[in-house]
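Structural overview
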Amino acid sequence: MAITTTSTLPAPVQQSFSFKLLSVPVPNMIHKIPAMMKQMPRNGGTTLRMRRYNPLATAMVPLGNTGITPPAQQLTAIDIDARMSFYGTYVQLNEQVTLQSQDPVLNEAAARLGVSLRQTEDQLTRDMLAATAGFINCVNGVNGDNPSEITRTDVDTVVRTLLDNNAYTILDNIEGEDKFGTAPVRDAYFGLASTKLTGSLDGVNGFIHKNQYPSPMNALRSEWGSIGNLRFLVSSIGSVTPAASNLGANVYNIFCVGMEAYAAIEQDGYSAQFIYRPPIYDGPLAMNSSVGYKFAEVPRITNDLWVINLRCTL
């Protein structure tokens, strides 16, 4: 008996397109979270100068009854300069792509460029911190390397250093509540780290995962947990120095940050510009459109004593 099958009569079109696009991996943007946001005014030159006055000495000597005026103190200050830089990229699309493709290519290009812009800002801040922040090596681990893996003693050392430098904590404490398996969380500095360190953080003595916070809604999405007075934010684009340990292992940089330790300075009126040029502006045949972004920004440490790079290995 003759039976008509798809072998003898295949479907004219053998593919269907799913109009719901798949998710695109996007890393946690953590490095600008503790930053002070500053604006470079229009027509204000190429460099923003920031000033910090130095503390005055205390007056520990009594004035007494001699009537003699004690010597005056002199005000001094430190100027910190940040020179603006410009960045940008774009995507160029042939008219046939937008004319014939089933998915909204131009819309997706705009979305991907938006992520690229924010990730560029984040990585600029990360690289600035890696290049200029003072560091402390973890030395209390047992992996035989220098720096070693992170331990509670190393965390206590960096926290004590920030406290000795009069760095203010950024996050308030989370008070304990009568909930099973939870623990109070101290007021804390930020620790900005790579996702590669999550296993090491879990094994540190005294680590509290964010699901053990009395009020987990107070935790950031990128937050992994806390150790003492340090709350850790993790990202897949966290800072790593390849093959930099004594044994040739990757060194992971944990930026331990107090309040107002560094700034991200944006150019007024130029912080993020999204630019679309239709094909009519491309050439005589108007074949290609383009979509892109540009921005002007510079990250800058404003107090070297309030940000420390805690370097460790796995």
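Since this is a predicted model, take the numbers as computed values, not measurements.

Digging into the packing of aromatic side chains
Counting across every chain of the model gives 3 aromatic pairs. Connected via pairs of aromatic rings, a cluster forms that spans Y87, Y293 and F295. If you follow R311 out to its NZ or CZ, it ends over the ring of F135, 5.1 Å from the centre.

Points about the layout of surface pockets
Considered as a void within the structure, the largest pocket measures approximately 150 Å³ in volume. The element that contributes the greatest number of residues to the lining of the largest pocket is strand β2 (residues 47-53), accounting for 3 residues. Considering only residue class, the lining of the largest pocket consists of 4 nonpolar, 2 polar and 3 charged.

Thoughts on the pairing of strand β14 (residues 288-301)
Burial analysis of β14 places 11 of its 14 residues in the buried class, which makes it a mostly covered element. When strand β4 (residues 85-94) meets β14, the two strands line up antiparallel, connected through 10 bridges. Pairing of Y87 across the sheet is with F295, part of β14. Looking at chain direction, strand β12 (residues 262-267) and β14 are connected through 5 bridges and run antiparallel. Within β14, the residue paired with A263 across the bridge is R300. Relative to β14, strand β13 (residues 273-277) is paired through 5 bridges, and the arrangement is antiparallel. Bridge pairing in β14 links Q273 to K294.

What counts, and where the lines are drawn
- Residues numbered from 1 in each chain as written.
- Predicted model: local features only at pLDDT ≥ 70, side-chain atom pairs only at ≥ 80, totals over all residues.
- Heavy atoms only, no water.
- Phe/Tyr/Trp six-rings, centres within 6.5 Å; stacked < 30°, edge-to-face > 60°.
- Lys NZ or Arg CZ within 6 Å of the ring centre and 35° of its normal.
- 1 Å grid on protein atoms, 1.4 Å probe; cavity = no way out; pocket = protein on both sides within 12 Å on 5 of 7 lines; lining within 4 Å.
- Points joined across faces, edges and corners; volume = space filled by probe spheres on them.
- Helix = DSSP H or I, 4+ residues; strand = E, 2+ residues; numbered from the N terminus.
- Nonpolar A, V, L, I, M, F, W, Y, C, P; charged D, E, K, R; others polar.
- Buried < 20%, exposed > 50% of the residue type's maximum accessible area, 1.4 Å probe, protein only.
- Pairing = 2+ DSSP bridges.

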